[in-house]
Amino acid sequence: MKIFLLALSLSLSVQAAPEASRFVSVNTSILSSLRGIFQRPGKIKHADAEKTVMELSARETETLSGAIHQNLNRCGGFISHDTLAEALTPRRFSFFNRRAPIDYSISKTSVLRSMVTQVSEVNIRRTIIDLSSFETRFYKSDDGARTSELVFNKWKDLSRGRSDIRVDYFVHQNFNQPSVIVTVRGSETPNEIVILGGHLDSISSTGEAPGADDNASGIGAVSEVLRLIVNHSHRPKKTIQFIAYAAEEVGLLGSNEIAKSYKKARRNVVGVLQLDMTLFKGTSNKDIVLISDYTNRAQNEFLGKLIDEYVKVPWGYSRCGYGCSDHAAWDAQGYPASFSFESAFDDHNPHIHTPQDTLENAGGDARHSVKFAKLALAFVVELAK
Ligand code: BES
Ligand code: ZN
C-alpha cells in the first residue's frame, strides 16, 4: 500500500509543471529495493554496481527521501547535485556511503568441510584450564595484565612462520590490562576487516574469578580458529583480526575504546562475531543461540546458514535485553556485529561471576565449545574470502 501511494505521488509530480531538476546520486543497493517506483524512461542517467544517478524534480527528491525513510527505515543515502557532471564525479571515500553490499554467500565448502572436522576439543579445553588457573583476570589486577601476556604469547606462538600475521597489544587509556589483536593481512583487499573476538577478563565479588565459561571458553574457541587458519596455510583475501578484549566485565571498556578508534580511523570492518560463554549447554533443544538484540539481522541470518552448512546442530534466537557483551560496542559504532551464545538467555550458566565458574561445573569438557569454534571458523573463512 505504501509503495502504491509513493508511486502515485511520483507519477502526479511527473505530470506537474516542470521545475528545476536535480541530479541525485543514490547507492545502487539502496535504490534496488525501490526500483519499481523510480525506474522510468529518461529518469536514470547513469547506473553501475555502486551508484545510480537520476534526474529528479525537487518534489521527486523529497519523495525519494521519504521512500528511503519509510521503506528502508534509514536516513539519507543519496546526494543531490546541481549538474549531471558533478553527480557522475566519483566521490572521495566516505564511511557510510562507500560500503558495498556485504557478500553473505556460502562458497568455501570444499576447504571448510575438512577444516571444521579438525577443531580440537582438547586444545580448547587446554586454553580454558590455562586461563582459569589465574585466581582472577580482573582488569585492574596484576594477574589481569598477566592474562593478556599469556594470550599474547599463545597467539604469537600459534602464528609463528607466517609473515602476513602480526600480534599486537592494544594499550588502553585508563587501565593496565591491554587487549590483544592478531592481524592476518588480507591478500587482496586488506582494508576490509573481519573480526572474531571474545573478552579475556573475569570478575567475581569474592575476588576469586576462574571465569572458565565466562569467558576462557570464548578465548579457547577463538584460539582454535587461529590455529586452524595457520595450520591450513589459509590466506584470506580480506584481513581477519582476532581480538581478546580487556575489561569487558566492567562495562565493555576495552571493546568500546577499540570500536571507537576503528570508527574514528574509518576502518572498514565488514563483520564482527563475538564468542562469550560457549561451555555450558543450558538449553536442551538448541545448541547455538544467536542473540538478536544489539546485533545485525542480515549477518545473523548468514550465521544461521553457516550453522546449517558446517555445524549441523539445532539453533535459535534469544535476546539479552541490554548490550550484554563486546558485540554491542561494535554495534554502537554502526558495524555489523553478531553474538553466538551457549544457550537461551534464561538458561545460561548459573555460576558465572562466582568462584564456581569452573570447567568441572560446566560438564568437565569443552565439547559444547567445539560447535562455536566451527561456526567462527566458517564465519571468518566465508566472510573474508
Ligand atoms: N558473558 C556475560 C554476558 C552474558 C551473561 C550474556 C549471561 C548472556 C547471558 C558478560 O561477560 C557480562 O557479564 N556482561 C555484563 C554486562 C556488561 C556490559 C558489563 C552482564 O551481563 O551483566
Ligand atoms: Zn561476564
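Thresholds, definitions, all that
- Residues numbered from 1 in each chain as written.
- Chains lettered and ligands numbered in written order.
- Predicted model: local features only at pLDDT ≥ 70, side-chain atom pairs only at ≥ 80, totals over all residues.
- Heavy atoms only, no water.
- Near = heavy atom within 4 Å.
- Polar contact = N/O pair within 3.5 Å; in protein donor to acceptor, adjacent residues only side chain to side chain.
- Areas by Shrake-Rupley, 256 points an atom, 1.4 Å probe, with all protein chains shown as cover.
- Nonpolar A, V, L, I, M, F, W, Y, C, P; charged D, E, K, R; others polar.
- Donors = N, O, S within 2.8 Å, 3.2 Å for Na, K, Ca; no water.
- Helix = DSSP H or I, 4+ residues; strand = E, 2+ residues; numbered from the N terminus.
- Buried < 20%, exposed > 50% of the residue type's maximum accessible area, 1.4 Å probe, protein only.
- Contact = heavy atoms within 4.5 Å.
- Disulfide = S-S within 2.5 Å.
- Expected span 1.5 Å × (residues − 1).
- Core = buried A, V, L, I, M, F, W, Y, C linked by side-chain atoms within 4.5 Å.

Caption draft 1: Quick look at the site of ligand 1. Looking at ligand 1, there are 17 residues lining it, with Glu248, Glu249, Asp276, Tyr322 and His353 nearest. Cys324 places a polar main-chain atom, nitrogen or oxygen, 3.0 Å from a nitrogen atom of ligand 1. Against a free-state accessible area of 510 Å², the protein chains account for coverage of 84% of ligand 1. A per-class count over the shell around ligand 1 returns 8 nonpolar, 5 polar and 4 charged.

Caption draft 2: A look at the coordination of the zinc ion (ligand 2). The coordination sphere of the zinc ion (ligand 2), as far as protein atoms go, consists of Asp214 (OD), Glu249 (OE), Glu249 (OE) and His353 (NE2), spread over 2.0 to 2.3 Å. In primary sequence terms, the donor set of the zinc ion (ligand 2) follows D-x34-E-x103-H. One end of the pair, Asp214, is in helix H10 (residues 212-231); the other, His353, is in the loop between strand E12 (337-341) and helix H14 (367-383), with 139 residues separating them in the sequence. On the accessibility criterion, Asp214 (4% relative accessible area) is buried. When its relative accessible area of 36% is taken as the criterion, His353 is described as partly exposed.

Caption draft 3: Representation of the side chain of Gln274 within the structure. For Gln274, the position within the fold is in strand E9 (residues 268-275). The exposure class of Gln274 is buried, given its relative accessible area of 0%. In this structure the side chain of Gln274 is engaged in a polar contact, spanning 2.9 Å, whose partner is the side chain of Ser325. With sequence-adjacent residues up to four places away left out, Gln274 is seen in contact with Gly197, Gly198, His199, Tyr245, Ser325, Asp326, His327, Ser338, Phe339 and Ser340.

Caption draft 4: Structural context of the state of the cysteines. Following the criterion strictly, the structure yields 1 disulfide and no others. Between the sulfur atoms of Cys320 and its disulfide partner Cys324 the distance amounts to 2.3 Å. The sign of the 65° torsion about the S-S bond sets the Cys320-Cys324 disulfide as right-handed. Considered together, Cys320 and Cys324 belong to a single accessibility category, that of buried residues.

Caption draft 5: Fine view of helix H12 (residues 297-311). End to end, H12 covers 20 Å across 15 residues, agreeing with the expected 21 Å (1.5 Å per residue, within 8%). Residues of H12 that are buried include every one of Gln299, Asn300, Phe302, Leu303, Gly304, Leu306, Ile307, Tyr310 and Val311, and no others. Of the surrounding secondary structure, the elements contacted by the buried residues of H12 are helix H7 (109-117), E9, strand E10 (288-291), strand E11 (315-318), E12 and H14. Two to three positions downstream of the cap, the backbone nitrogen of Ala298 sits 3.1 Å from a side-chain oxygen, assigning the N-cap of H12 to Asn296. Directly after H12, the chain includes Lys312, whose backbone phi takes a positive value near 55°.

Caption draft 6: The nonpolar core, seen in detail. Counting 59 residues, the largest nonpolar core has Trp155, Phe242 and Leu377 as the members making the most contacts within it. Among the elements that line this core, the one with the most residues is H14, at 11 residues. With sequence-adjacent residues up to four places away left out, Phe242 is seen in contact with Trp155, Val180, Ile181, Val182, Val184, Leu196, Val222, Val225, Leu226 and Ile229. Counting 15 residues, the second-largest nonpolar core is a separate cluster that includes Ile181, Tyr245, Ile258 and Val269.

Caption draft 7: How the structure looks around the environment of Ala362. Position of Ala362 relative to the elements: it lies in the loop between E12 and H14. For Ala362, a relative accessible area of 11% corresponds to the buried category. In contact with Ala362, other than residues within four places in its own chain, are Leu279, Phe280 and Asn349.

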